[in-house]
Amino acid sequence: MLEGSGIPCGPVNDMEQVFSDPQVVHNKMVIDMIHSTAGNVRVTGPAVKYSNSRNEARLPPPGFAEHTDVILSNVLSYSKDKILNLRKSKIIF
């Protein structure tokens, strides 16, 4: 109905169509990585490529609560005791 109407439109792809699209494949926007517990996983890579810069997915997705201690201590400056108390209180895992 919208074809030729002047309204921008296009198909809506399902996930299989998205990841098998020739442009997605050509631009290497889907990358296979090894995850420590899940094994081989497919992840989306950067949508933008730069000719003189490195822009790539370097790490697989983190596991559940994998970076909790690093974020709380390095980013929010929580002490080890405070993190331990949060864990004991079951506020964090």
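The rules behind the values
- Here, residues in each chain are numbered from 1, in the same order as that chain's written sequence.
- In view of the model being predicted, local features appear only for residues whose pLDDT reaches at least 70, and side-chain atom pairs are presented and counted only at 80 or more, with totals across whole chains, interfaces and linings using the full set of residues.
- Only hydrogens and water are removed before side-chain values are computed, so all heavy atoms of the structure are retained for them.
- UniProt positions are given in the numbering used here, feature names are shortened, and annotations may be inferred rather than shown by experiment.
- Only DSSP runs of H or I with at least four residues qualify as helices, and only runs of E with at least two residues qualify as strands; both kinds are numbered from the N terminus onward.
- Radius of gyration means the value over C-alpha atoms here, while the globule rule gives 2.2 Å times the residue count to the 0.38 power.
- Working definition: with a 1.4 Å probe on protein chains only, accessible area under 20% of the residue-type maximum means buried, over 50% means exposed, and in between means partly exposed.
- Throughout, a residue-residue contact means that at least one pair of heavy atoms, one from each residue, lies within 4.5 Å.
- For accessible areas, the Shrake-Rupley method is used with a probe of radius 1.4 Å. Any residue's cover is judged against the shown protein chains and nothing else.
- Under the convention used here, Asp and Glu are negative, Lys and Arg are positive, and both His and the chain ends fall outside the count.
- Here the site of a charge means NZ on Lys, CZ on Arg, CG on Asp, or CD on Glu.
- When the centres of two rings from Phe, Tyr and Trp lie within 6.5 Å, Trp using its six-membered ring, the rings pair. Their planes under 30 degrees apart give stacked, over 60 give edge-to-face, and anything left gives tilted.
- Either the NZ atom of lysine or the CZ atom of arginine qualifies as a charge over a ring when it sits within 6 Å of the ring centre and within 35 degrees of the ring normal.
- Should a side-chain nitrogen of Lys or Arg be within 4 Å of a carboxyl oxygen of Asp or Glu, the pair is scored as a salt bridge.

- Per an unreviewed UniProt entry, the protein is named Succinate--hydroxymethylglutarate CoA-transferase, and its organism is Caerostris extrusa.
- In its Sequence similarities (unreviewed entry) section, UniProt records this for the protein: "Belongs to the CoA-transferase III family."

### Some points on the overall build of the protein
Step number 1: For the protein, the count of helices and strands is four helices and two strands.
Step number 2: Overall, the protein shows an N-to-C arrangement of helices and strands of α-α-β-β-α-α.
Step number 3: Since a compact globule built from 93 residues should have a radius of gyration of about 12 Å, the 21 Å found for the protein marks it as more spread out than a globular shape.
Step number 4: Structurally, the protein occupies a C-alpha span of about 65 × 35 × 30 Å along its principal axes.
Step number 5: Sorting the 93 residues of the protein into buried and exposed places 14% on the buried side.
Step number 6: In the protein, once contacts between residues fewer than 6 apart in sequence are set aside, the share between residues at least 24 apart is 23%.
Step number 7: Accessible area for the protein stands at about 8100 Å²; split by element, carbon and sulfur atoms hold 57% of it.
Step number 8: With 10 positive and 9 negative side-chain charges, the protein shows a spacing of 14 Å between the two charge centroids.

### Looking at the packing of aromatic side chains
Step number 1: Considering all chains together, one arrives at one aromatic pair under this definition.
Step number 2: With a centroid separation of 5.6 Å and 55° between ring planes, the pair formed by Phe 64 and Phe 93 is classed as tilted. Here the residue Phe 64 occupies a position in the loop between strand E2 (39-44) and helix H3 (68-75), and Phe 93 occupies one in the segment after helix H4 (80-88), the gap between them amounting to 29 residues.
Step number 3: Look at Phe 64 and you get exposed, because its relative accessible area is 72%.
Step number 4: Geometry around Tyr 78 places Lys 82 over its ring, the cationic atom sitting 4.3 Å from the centre.

### Structural notes on the pattern of salt bridges
Step number 1: Considering all chains together, one arrives at three salt bridges under this definition.
Step number 2: A salt bridge links Glu 56 to Arg 54, with the nearest nitrogen and oxygen atoms 2.6 Å apart.
Step number 3: You can call Arg 54 exposed: its relative accessible area is 70%.
Step number 4: In this structure, Asp 69 and Arg 87 form a salt bridge, with 2.8 Å as the shortest nitrogen-oxygen distance. Of this pair, Asp 69 sits in helix H3 while Arg 87 sits in helix H4, placing them 18 residues apart in sequence.
Step number 5: Judged by relative accessible area, which is 37%, Asp 69 ranks as partly exposed.
Step number 6: Owing to a relative accessible area of 28%, Arg 87 belongs among the partly exposed residues under this scheme.

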